Amino acid sequence: MANETTRLTVPKFVALKGGGRKISMLTAYDYPMAAVLDAAGIDALLVGDSMSMVVQGHETTLPVTLDEIIYHAEMVGRAAQRAMVIVDLPFPTMHLGVHRTIECGARILKETRCQAVKLEGGAEQAEVIRGLVGAGIPVMAHVGLRPQNVHQLGGYKAERDAKRLHTDASAAQEAGAFAVVLECIPAAVADEITAAVKIPTIGIGAGPHCDGQVLVTHDLLGLTTGHVPKFVRQYADLRDVIWDAANRYRSDVETGAFPASEHQIK
Ligand code: KIV
């Protein structure tokens, strides 16, 4: 198990802003994937509620529960040797009041070896962010497109009002958030917000000017079965690689080509 001091800490993560290189962040949901991403030098791993869609096969991020997130976060927390690990607060945790949200955030920190939580929201979540931070639970805020609002908005629609986005990011910072995810907002607005706030901005579909970038790992690796957003760059086609391996294995089993003599216990 990693020594806690070898992992990227929240203050060191914050200090990466303006440090001359961008911050890399990816989602992770289990031990082997988290271990590979960690070894590849990714700065931060997010146990995102996107697991509801890309791992559990749901249509939205809403069904995943706190217990399920904790179960996956334990695996990721165990694998991370040097990356900081952040865990999403699932819907509707942060709408249940400050006290309840602190209980949920505390469970995540106590049970998973993860270091911070992420919550969707900016200005309207300021009180909750303040409460969590006051309890020693570091918070990454998430503004712009907020997938947990899918039904309220009738689809995946991002906040486009630049003033509102500025207000949300600044309010999150004022309340004590150590970073903010900017999802699906115009690059120029992300640039302005990044210049205006002291905390790192982590973009997803928010252009090149953010302090860092995050993607859903399944999208990046070509493992997503449903819709892949336009802002994703796919770096591998693992679905094809896995299909090919499974197909060759099936064929070898059917023909008796596997197991061969070297696979037999003598
Ligand atoms: O749940 C998630 O994966 C996320 C990222 C898309 C930022 O919130």
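This structure is a prediction, so every number in the text was calculated from the model and none was measured.

A. The arrangement of the site of the ligand in detail. Near the ligand the following residues occur: Thr27, Leu46, Gly48, Asp49, Ser50, Asp88, Lys118, His142, Ile204, Val214 and Val216. Between the ligand and Asp88 there is a distance of 3.1 Å, counted from an oxygen atom to a side-chain nitrogen or oxygen. At 2.8 Å, a side-chain N or O of Lys118 approaches an oxygen atom of the ligand. Expressed as a share of its isolated accessible area of 260 Å², the protein-covered part of the ligand is 95%. Here the residues of the shell around the ligand are counted per class, giving 4 nonpolar, 4 polar and 3 charged.

B. Molecular detail of the domain arrangement of the chain. What the domain assignment reports for the chain is domain 1 (10–235) and domain 2 (239–266). One C-alpha centre belongs to domain 1, the other to domain 2; they are set 40 Å apart.

C. Up close: a nonpolar patch on the surface. Together, Tyr249, Val253 and Phe258 make up a nonpolar patch on the protein surface, roughly 290 Å² of accessible area in all. Judged by its relative accessible area of 52%, Tyr249 falls in the exposed class.

D. Region of interest: the pairing of strand E5 (residues 139–144). Here E5 lies mainly inside the structure; 6 of its 6 residues are buried. What you see with E5 is no split at all: Val139, Ala141 and Val143 on one side and Met140, His142 and Gly144 on the other are buried throughout. Summarising the sheet, strand E4 (residues 116–120) and E5 pair through 4 bridges and their orientation is parallel. Bridging across to E5, Val117 finds its partner in Val139. Considered for its hand, the β-α-β crossover made up of E4, helix H6 (residues 126–134) and E5 is right-handed. Where E5 and strand E6 (residues 179–183) come together, 5 bridges link them in parallel fashion.

Procedures and definitions
- Residues numbered from 1 in each chain as written.
- Predicted model: local features only at pLDDT ≥ 70, side-chain atom pairs only at ≥ 80, totals over all residues.
- Heavy atoms only, no water.
- Near = heavy atom within 4 Å.
- Polar contact = N/O pair within 3.5 Å; in protein donor to acceptor, adjacent residues only side chain to side chain.
- Areas by Shrake-Rupley, 256 points an atom, 1.4 Å probe, with all protein chains shown as cover.
- Nonpolar A, V, L, I, M, F, W, Y, C, P; charged D, E, K, R; others polar.
- Domains from an automatic or database assignment.
- Patch = residues over 30% accessible without salt bridge, like charges linked within 9 Å, V, L, I, M, F, W, Y side chains within 5 Å.
- Salt bridge = Lys/Arg side-chain N within 4 Å of Asp/Glu carboxyl O.
- Buried < 20%, exposed > 50% of the residue type's maximum accessible area, 1.4 Å probe, protein only.
- Helix = DSSP H or I, 4+ residues; strand = E, 2+ residues; numbered from the N terminus.
- Pairing = 2+ DSSP bridges.
- Right-handed = clockwise from strand over helix to strand, strands pointing away.

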